[in-house]
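Residue strings, one per chain:
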Amino acid sequence: IRKAISKTGETSHERVEIAIDPKAGVSASLTNVIMTDQSILSVSSFLFRWCGLVARAYTRTLYSDIAHWTSERSDPATDRERLLKYHDLVLYWVQIFVSFSGTGTHVLAPFRPSSPMEFHLFEQVAWSMEYFTVAHEFGHHVLGHRGPDDDPRTQEFQADAFAVKVCEQFELEPFPLLLNPYTRTGAGASLMLLALEILRSFEDPIGDGTAVVDTHPSPSDRIAKISTRNLMQPKQLEMDQEFNGTVVRIMSAVAAIMRDARRKGGGELVATIRQRLYDAEMELRNSGDLSSDETRA
């Protein structure tokens, strides 16, 4: 990503330090260092594991009925029913969201290696999600988003545009001889945004299953800008909308099923997992077997 930014003649990324935040959860953030022009870009320890699991589940959902998910006709109710036919897939999605919302890690999601057919697409999708996430945070620094009075929603749109532009340079990643449509079209960005929205709704202990983040535009608004950025290039615009549309369609069906799962006991399950983890932590701390530094980690 640094190399891609440097190709534009921009060098401010050199004043960004990278850090792995030793904590559970899925997060990436940029912290401006006060009184300097430097920043710290940090990602949580399990961010890339999250991208891998979501990418694998998405790839398997797409391949479960590729003719259906890429067809022009789209009906939310039909899409939901189609996904429900694949019990193992639905369970896999539930395990991913319950695991990360309950523990902040992948511990409750089983490891299911990619098949030879899935491997290439899975890697392309996962890498595109990761590239977008990190490039987005770099974008905040490069674009000078440091003012406390700046409109955060506008900044998010700007950072998205910057990140997707950077990702276009990775259309031959991770396989040099195989074009990656998920970096080229921004569909990897859309998948990341929608998956995080579902996760946030699962993490909300009292809400109705719909994530609300006041400081950010809605994923649908962000995806609309991502998928229509090439208005003056009809062929590319068509490709952008096709791939982003498929992502939105699949993740809308996943979101509907996750809302059902949350109402039918998923919310209580997550709350129970969190409470047991908290109780175990308190027990260890009270016994003197856990230091304060270990607790924070």
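Described in the following lines is the structure provided in the data block.

## Describing the packing of aromatic side chains
How two aromatic rings sit relative to each other is given by the distance of their centres and the angle of their planes. This model, assessed by the stated rule, comprises eight aromatic pairs. Ring centres of tryptophan 50 and phenylalanine 100 lie 5.2 Å apart, and the angle between their planes is 75°; on these two criteria the pair is classed as edge-to-face. A residue pair is termed long-range when its members are at least 10 positions apart, and tryptophan 50 in helix H2 (residues 47-64) and phenylalanine 100 in helix H5 (residues 87-103) qualify at 50 residues. With respect to class, tryptophan 50 is no different from phenylalanine 100; both count as buried. Summarising the aromatic geometry, the rings of tryptophan 127 and tyrosine 131 are spaced 6.0 Å apart at their centres and angled 65° between planes, so their arrangement reads as edge-to-face.

## Here's the deal with the packing of H5 against helix H11 (residues 234-287)
Viewed as axis vectors pointing N to C, H5 and H11 meet at an angle of 40°, and their least axial separation amounts to 8 Å. Judged on the interaxial angle alone, H11 and H5 are oblique. Handedness of the crossing formed by H5 with H11: right-handed. Contacts from Val90, Trp93, Val94, Phe97, Val98, Ser101, Gly102 and Thr103 in H5 reach Met251, Val254, Ile257, Met258, Ala261, Leu269, Val270, Ile273, Arg274 and Leu277 in H11.

## Looking at the side chain of histidine 13
With respect to the helices, strands and loops of the structure, histidine 13 is situated in the loop between helix H1 (2-6) and strand S1 (16-21). On the accessibility criterion, histidine 13 (3% relative accessible area) is buried. The contact partners of histidine 13, leaving out residues within four places of it in the chain, are Arg2, Ile5, Ser6, Phe138 and His141.

## As for helix H10 (residues 219-227)
Helical geometry note: an α-helix holds 3.6 residues per turn, so side chains three or four residues apart project in the same direction. Of all the residues in H10, the buried ones are Pro219, Arg222, Ile223, Ile226 and Ser227. Each buried residue of H10 sits inside an arc of 125° when the element is viewed along its axis, so together they form one side. Elements in contact with the buried residues of H10: helix H6 (116-142), helix H7 (152-167), helix H9 (187-203) and H11.

## Concerning the nonpolar core
Ranked by size, the top nonpolar core spans 69 residues in total, and within it Trp50, Tyr58, Trp93, Phe97, Met251, Val254 and Met258 carry the most contacts. Dropping the residues within four chain positions of it, tryptophan 93 is found in contact with Val54, Ala57, Tyr58, Thr61, Met251, Val254 and Met258.

## Things to note about unusual backbone geometry
The linkage connecting glutamate 173 with the following residue, proline 174, adopts the cis geometry, with an omega of 0°. Topologically, proline 174 is positioned in the loop between H7 and helix H8 (181-184).

## Overview of the pairing of strand S2 (residues 28-32)
The side chains of a regular strand alternate, residue by residue, between the two faces of the sheet. In this structure, S2 lies alongside strand S3 (residues 39-44), joined through five bridges in antiparallel fashion. From the neighbouring strand, alanine 28 faces S3, where its bridge partner is valine 43. Following S2, the chain reverses through six residues before pairing antiparallel with S3; methionine 35 in that reversal takes a positive phi of roughly 70°.

The rules behind each value
Residues numbered from 1 in each chain as written. Predicted model: local features only at pLDDT ≥ 70, side-chain atom pairs only at ≥ 80, totals over all residues. Heavy atoms only, no water. Phe/Tyr/Trp six-rings, centres within 6.5 Å; stacked < 30°, edge-to-face > 60°. Helix = DSSP H or I, 4+ residues; strand = E, 2+ residues; numbered from the N terminus. Buried < 20%, exposed > 50% of the residue type's maximum accessible area, 1.4 Å probe, protein only. Axes fitted to C-alpha atoms, helices over the stretch in contact; angles between N-to-C directions. Parallel < 35°, antiparallel > 145°, perpendicular 65-115°, else oblique. Left-handed = near helix turned anticlockwise from the far one by under 90°. Contact = heavy atoms within 4.5 Å. Arc of directions from axis to C-beta. Core = buried A, V, L, I, M, F, W, Y, C linked by side-chain atoms within 4.5 Å. Pairing = 2+ DSSP bridges.

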